[in-house]
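A look at the structure
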Amino acid sequence: MKGILIIAHGSKEKETETAIEAVVSMVRTRLPEIIIEWAFWGFSERTIERGVAALVARGIREIKIVPYFLAMGIHLKENIPRMADQCAQNFPGIKITMGEPFGVDQRLADILVDRISNF
């Protein structure tokens, strides 16, 4: 069984958790057949390991990390893969892969245009 772990950067501000939780809720509504959890890279108790553990507890054996990041920085190149490797060691038999950040995407430009137009 496959599952998704959406990972965002994280912040000490509680509003950040509220925001990602709302976005993940919207995604779950559109993809009800997929088990989705979320976690932060840092600054939160919603750690990557806890996200992986929550998916494993639901019977997930293959996890795809979907970064809620704009670009491929140090966290996506080194920190999160290192954490994912550690999780794979802590949960034998679990396969963890990672997707790409948002990157250059017309839909992001559309959001910016909308925000600028409504300024």
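First things first, this report covers the structure right here in the doc. (Residues numbered from 1 in each chain as written. Predicted model: local features only at pLDDT ≥ 70, side-chain atom pairs only at ≥ 80, totals over all residues. Heavy atoms only, no water.)

Ordered by their spatial adjacency, four strands build an open sheet running β2-β1-β3-β4, and the pairing between neighbours is parallel. The sheet is open, and its two borders are formed by β2 (35-40) and β4 (95-98), each paired with just one other strand. Between one strand and the next, the sheet's axes are offset by a mean angle of 25°, whatever the strand orientation. Against the sheet, helix α2 (residues 48-57) makes contact with β1 (2-8), β2, β3 (62-67) and β4, and its axis sits at roughly 160° relative to β1, the strand it touches most. (Pairing = 2+ DSSP bridges. Helix = DSSP H or I, 4+ residues; strand = E, 2+ residues; numbered from the N terminus. Axes fitted to C-alpha atoms, helices over the stretch in contact; angles between N-to-C directions. Contact = heavy atoms within 4.5 Å.)

Attention now moves to a nonpolar patch on the surface. Where nonpolar side chains cluster on the molecular surface, the patch consists of Y68, L70 and F102 and spans about 300 Å² of accessible area. Secondary-structure assignment places L70 in the loop between β3 and α3 (74-90). (Patch = residues over 30% accessible without salt bridge, like charges linked within 9 Å, V, L, I, M, F, W, Y side chains within 5 Å. Areas by Shrake-Rupley, 256 points an atom, 1.4 Å probe, with all protein chains shown as cover. Salt bridge = Lys/Arg side-chain N within 4 Å of Asp/Glu carboxyl O.)

A separate point is the side chain of N79. Here N79 lies in helix α3. There is a polar contact of 2.7 Å between the side chain of N79 and the side chain of H75. For N79, the side chain forms a polar contact with the side chain of R82, separated by 2.7 Å. Apart from residues lying up to four places away in sequence, N79 is in contact with W41 and I74. (Polar contact = N/O pair within 3.5 Å; in protein donor to acceptor, adjacent residues only side chain to side chain.)

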